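Overview (structure and organization)
Here is what each chain is made of, one letter per residue.
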Amino acid sequence: GESVGLHLPTLSVQEGDNSIINCAYSNSASDYFIWYKQESGKGPQFIIDIRSNMDKRQGQRVTVLLNKTVKHLSLQIAATQPGDSAVYFCAEKARGNTPLVFGKGTRLSVIA
Amino acid sequence: GAGVSQSPRYKVAKRGQDVALRCDPISGHVSLFWYQQALGQGPEFLTYFQNEAQLDKSGLPSDRFFAERPEGSVSTLKIQRTQQEDSAVYLCASSLGGGASDTQYFGPGTRLTVL
């Protein structure tokens, strides 16, 4: 079946640097994309989302980019902080009452 | 305000035992979702409720898994005759409406270990 996946399983960055986490998806019917952050022992925490009619969306220190041509999604974190260390999941959803489909996750480690 | 809560946070069961996992969604949230998360993997959808109606149970792995939300609020996920492969974190999420892009807010999960 179609699924969401990630290019890199782990990412280590220096504190203060920018981080980029990538995600590839294969379901062309996907209409809505979300990034979640999951810290150890906790549930996924919503970070930012984007609809398929947009290419870019910005939040506080985070930006999500969507390239529908190559079915690619990325999360950019500016000035990465130790508190950003976690596993990041992208998830996608098609229209209607369809479930979220999560990728396997990327672990981000911030080096102080 | 209070987020999604789940209980118990940890459950150890012997193979063959039945377990019941509880989810208290955010007050007023119409939609409720259950996911299963294996170690090192992303959450996988199990089932979805809109109020008390179970609209999608396509992700339930077997007929040993059963979920209910009788009054449209608290939900219980029951697993009968647990097997070792049922060991995972079970996550509950709720969203305000039933819209396709309504944000899902997750609880902390229940870690089930089947011995």
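Secondary structure assignment for chain A yields zero helices and eleven strands. Tracing chain A from N to C terminus, the helices and strands come up as β-β-β-β-β-β-β-β-β-β-β. The globule rule puts the C-alpha radius of gyration for 112 residues at 13 Å, and the 13 Å found for chain A is close to it. Seen through its principal axes, chain A has C-alpha atoms that stretch 40 × 30 × 20 Å. The proportion of buried residues among the 112 residues of chain A is 44%. The long-range share in chain A, meaning contacts at least 24 apart out of those at least 6 apart in sequence, stands at 52%. For chain A, the accessible surface area stands at approximately 5500 Å², while carbon and sulfur atoms represent 47% of it. Charge-centre separation for chain A: the mean point of 12 positive side chains lies 4 Å from the mean point of 9 negative side chains.

Now for the packing of aromatic side chains. By the definition in use, this model includes twelve aromatic pairs over all chains. Each residue in the set A:Tyr36, A:Phe46, A:Phe89, A:Phe102, B:Phe33, B:Tyr35, B:Phe45, B:Tyr48 and B:Phe106 is aromatic and connected to the rest through ring pairs, giving one cluster.

As a further point, take the confidence of the model for chain A. In this model, chain A carries a mean pLDDT of 90, and residues with pLDDT of at least 70 account for 93%. Between residues 1-8 of chain A, whose pLDDT stays under 50, and residues either more than four places distant or in other chains, the model counts 32 contacts.

On to unusual backbone geometry. A cis amide bond links B:Ser7 with the next residue in sequence, B:Pro8, at an omega value of -10°. You can see B:Pro8 is positioned in the loop between β1 (5-7) and β2 (10-13). For A:Arg61, which is not glycine, the phi torsion reads 65° and is therefore positive. Residue placement: A:Arg61 occurs in the loop between β6 (56-58) and β7 (62-67). Accessibility expressed as a relative area gives 30% for A:Arg61, which makes it partly exposed. Of note in this structure, A:Lys71 is not a glycine but carries a positive phi near 55°. Note that A:Lys71 resides in the loop between β7 and β8 (72-77).

Moving on: the interface of chain A and chain B. Contact residues are listed per partner, giving 19 residues for chain A and 21 residues for chain B. Of the roughly 1500 Å² buried between chain A and chain B on both sides combined, carbon and sulfur atoms contribute 54%. Where chain A packs against chain B, one counts zero salt bridges. Applying the counting rule to chain A against chain B returns three residue pairs in polar contact (both at pLDDT 80 or more). Breaking the side of chain A that touches chain B down by element, the ones donating at least two residues are β4 (30-38), β5 (45-51) and β9 (86-94) of chain A. Grouping the amino acids of the side of chain A that touches chain B by side-chain chemistry returns eight nonpolar, six polar and five charged.

All names here are of chain B. With respect to topology, four strands assemble into an open sheet ordered β1-β3-β8-β7, the strand pairing being antiparallel. With partners counted over all chains shown, the strands left at the sheet margins are β1 and β7 (65-68), one partner each. Taking each pair of neighbouring strands and ignoring which way they run, the sheet shows an average axis angle of 15°. Note that strand β3 (residues 19-24) and strand β8 (residues 75-79) share five bridges and pair antiparallel.

We now examine the side chain of A:Ser30. Residue and element names in this part refer to chain A. Examined against the element boundaries, serine 30 turns out to sit in strand β4. Only 2.3 Å separates the side chain of serine 30 from the side chain of glutamate 92, close enough to count as a polar contact. With near-sequence residues (within four places) excluded, serine 30 lies in contact with Tyr25, Ser52, Glu92, Lys93 and Ala94.

Once that is clear, we can look at the pairing of β8(A). Residues and elements named next belong to chain A. In this sheet, β8 lies alongside strand β3 (residues 19-25) in antiparallel orientation, the contact comprising six bridges. Bridge pairing in β8 places isoleucine 21 opposite leucine 75. Relative to β8, β7 runs antiparallel, the two being bridged by six bridges. Bridging from a neighbouring strand, leucine 65 pairs with serine 74 of β8. In this antiparallel pair of consecutive strands, β7 and β8, the connection spans four residues, and lysine 71 shows a positive phi of 55°.

The rules behind each value
- Numbering of residues starts from 1 in each chain and follows the order in which that chain's sequence is written.
- Whichever chain is written first is A, and whichever ligand is written first is 1; the rest continue in order.
- Residues qualify for local features only when their pLDDT is at least 70, as the model is predicted, and side-chain atom pairs are given and counted only at 80 or more; totals for whole chains, interfaces and linings, by contrast, use all residues.
- Hydrogens and water are ignored here; the side-chain numbers use all heavy atoms of the structure.
- Numbering of helices and strands starts at the N terminus; helices are DSSP runs of H or I of at least 4 residues and strands are runs of E of at least 2.
- C-alpha atoms define the radius of gyration in this analysis, and the globule rule sets the expected value at 2.2 Å times the number of residues to the power 0.38.
- Note on exposure labels: buried denotes an accessible area under 20% of the residue type's maximum, exposed denotes more than 50%, and partly exposed covers the range between, all computed with a 1.4 Å probe on protein chains only.
- Any two residues whose heavy atoms approach within 4.5 Å at even a single point are treated as in contact.
- Only the protein chains shown count as cover for residues, with accessible areas throughout obtained via the Shrake-Rupley method and a probe of 1.4 Å.
- When charges are counted, neither His nor the chain ends are considered; positive counts come from Lys and Arg and negative counts from Asp and Glu.
- Where a charge sits is defined by one atom per residue type, namely NZ (Lys), CZ (Arg), CG (Asp) or CD (Glu).
- Aromatic pairs are defined between Phe, Tyr and Trp rings, using the six-membered ring for Trp, whenever the two ring centres lie within 6.5 Å; interplanar angles under 30 degrees are classed as stacked, those over 60 as edge-to-face, and all others as tilted.
- On a scale of 0 to 100, pLDDT captures the predictor's confidence in every residue.
- Buried area is calculated as the accessible area (1.4 Å probe) missing from two parts once they are joined, with the contributions of both summed.
- One side-chain nitrogen of Lys or Arg within 4 Å of one carboxyl oxygen of Asp or Glu is enough to make a salt bridge.
- What qualifies as a polar contact is a pair of N or O atoms within 3.5 Å, subject to a donor-acceptor requirement within protein and to the restriction that residues adjacent in sequence count only when both atoms come from side chains.
- The nonpolar class holds Ala, Val, Leu, Ile, Met, Phe, Trp, Tyr, Cys and Pro. Asp, Glu, Lys and Arg form the charged class, and all remaining residues, Gly among them, are polar.
- At least two DSSP bridges between two strands are needed for those strands to be called paired.
- Lines fitted to C-alpha atoms define the axes here, with helix axes fitted over just the stretch in contact, and angles between the N-to-C directions of these axes take values from 0 to 180 degrees.

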